[in-house]
Amino acid sequence: MKRSILLEGQKFQITIQRLCHQLIENHGDFSDSVIVGIQPRGIYLGRRIVEELQQIPGLPNIAYGELDITFFRDDFRRKDSGLLVPSSTNMDFIVEGKKVILMDDVLWTGRTIRAAMDALQAFGRPEKIELLVLVDRRFSRQLPIEPDYIGIQVDSIDSQRVIVSWNEVDSYDRIELLTERNN
Amino acid sequence: MTASPRQLSTNHLLGIKDLQATDIELIFETADNFKDVLNRPIKKVPSLRDITIANVFFENSTRTRLSFELAEKRLSADIINFAASSSSVSKGETLIDTVNNILAMKVDMIVMRHPYPGAGVFLSKHVNAQLVNAGDGAHEHPTQALLDAFSIRERLGDVAGKKVAIIGDILHSRVALSNILCLRKLGAEVMVCGPTTLIPRYIGSLGVKVEYDLLAALKWCDVANMLRIQLERQDIAYFPSLREYSMLYGLNKKILDSLDKEITIMHPGPINRGVEITSDVADSHHSIILDQVENGVAIRMAVLYLLAGKRG
């Protein structure tokens, strides 16, 4: 297994801050916007971005929720997926008429995002849904879904894996690309 | 990335007897999430949209049938309902034939209630569908036991270490047997209480205490699960009169007030008000009877979802 580090340390932090400023450009004071992290791994990105945004004067209260999409996946009962056990959904607001920014760590096939848009409907009809991802695995989409905000773009093949680690749970911030040796 | 897949250890839910404690925990965790779904404005998820479920009821039911039906609809499954009273069973068709005819219509799962103990186990060996036992005679009623334990966990925080008294007609009750098995697997202490004639002789071998005095049972327990007297299953007289039963084993406010602690009151329904429980107790804040009904839908969604996940 070959590991190559794509992003870590201060560069990782700079990328997060750039994403925050791009969000401010489009969403101003976030009075009509909500941030939704997708379970299980998108919540760390969502929490980090909200934390960073709240450091900025004039942006104290940002609505933030965490959405579990397990019951909305289209690979339930497909042979390779096994059973998908849910994480919790914490959404204490409705998204009716709001601009929603969905956040996930890695965008690959796009199927998670399709399920998330489906799951979001239970919380009302948003005015707009945007997508922010830390890693965009280009040219591997199976659905017509593209991100609005991108941390880094990666060209990878299907057998490779992209791992995002978070200081909060893994004790360091890092994005890695894993390649099987025999490839 | 998703967490490593967890699955039930069984392909059917025939009884609590076949479940591991980890299965029960998995069902509870999944039900927590479905309970959250049920409190949203849109109470529906598309998980089972390509599954067809037949509800086959050879015995009357209101709560269980409605609860299963609602759980199935909330999961977006297609449903057909079958009641034996209006079917060809009265023309002499066998159980296997009836069910195979239903399965020939491309049904994936069967939820069955049957008056004979073991009907589900028997059927699971002869048909190619997943089975959920919704009550088989005086044998088991697994989803009721799961929702009862889930409701105890919700009210008291945990099931392990809690003292639960099951009071009433233990002999004819499938709820009692499933509850005993489920609560024991989760580490609760269980006592059964009722007239000697309604306590099965070897029930102690299941690891439960036996008590014939209602007050002593109530003093011991944290939770009292009151069962209905199943007159329809009693072919002989087990006690002199309902009035006498009610005097000795009926739960009323006076006896509850005489305790020096608060206990939680449960009842699987249907309630015979004034027999095993008085109205003021059934409707009091001690009672979690309606929470049990609410939790029933979430538990049944979890069971159906987890079983469907095993179809591959």
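See the structure printed just above.
Quick notes on the rules
Residues numbered from 1 in each chain as written. Chains lettered and ligands numbered in written order. Predicted model: local features only at pLDDT ≥ 70, side-chain atom pairs only at ≥ 80, totals over all residues. Core = buried A, V, L, I, M, F, W, Y, C linked by C-beta atoms within 7 Å. Buried ≥ 20, exposed ≤ 12 C-beta atoms within 10 Å, placed from the backbone. Domains from an automatic or database assignment. Contact = placed C-beta atoms within 7 Å. Helix = DSSP H or I, 4+ residues; strand = E, 2+ residues; numbered from the N terminus. Pairing = 2+ DSSP bridges. Axes fitted to C-alpha atoms, helices over the stretch in contact; angles between N-to-C directions.

Draft legend 1. Molecular detail of the nonpolar core. All names here are of chain B. Residues Ile166, Ile167, Ala224 and Ala302 are the most contacted members of the largest nonpolar core, which totals 132 residues. Both domains that furnish three or more residues to this core are identified here as domain 1 (16–141 + 293–308) and domain 2 (142–288). When sequence neighbours within four positions are dropped, the list of residues in contact with Ile167 reads Cys193, Gly194, Leu214, Ala217, Ala224, Asn225, Met226, Leu227 and Tyr249.

Draft legend 2. How the structure looks around the environment of B:Phe239. All names here are of chain B. Examined against the element boundaries, Phe239 turns out to sit in the loop between strand 8 (223–226) and helix 8 (242–249). For Phe239, a count of 17 C-beta atoms within 10 Å puts it in the partly exposed group. For Phe239 and Leu147, which are 92 residues apart along the polypeptide, the C-alpha to C-alpha distance reads 30 Å. Each residue touching Phe239, except ones within four places of it in the same chain, is listed here: Pro195, Thr197, Glu244 and Tyr245.

Draft legend 3. Representation of the sheet that holds strand 4 (residues 99–107) of chain A in the model. Residues and elements named next belong to chain A. An order of 3-2-4-5-6 is seen for the 5 strands of this open sheet, with the pairing classed as parallel. Here the strands that pair on one side only, and so sit at the sheet edges, are strand 3 (63–67) and strand 6 (149–155). Along the sheet, successive strands turn relative to each other by an average axial angle of 25 degrees, direction set aside. Inspection of the sheet shows strand 4 paired to strand 5 (residues 128–138) by 8 bridges, in the parallel sense. Bridge pairing in strand 5 places Val100 opposite Ile129. Contacts between helix 2 (residues 42–55) and the sheet are confined to strand 2 (33–38), strand 3, strand 4 and strand 5, with strand 2 contributing the most and set at about 145 degrees to the helix. Here helix 3 (residues 111–120) sits on the sheet and contacts strand 2, strand 3, strand 4 and strand 5; the angle it forms with strand 4, its principal contact strand, is near 150 degrees.

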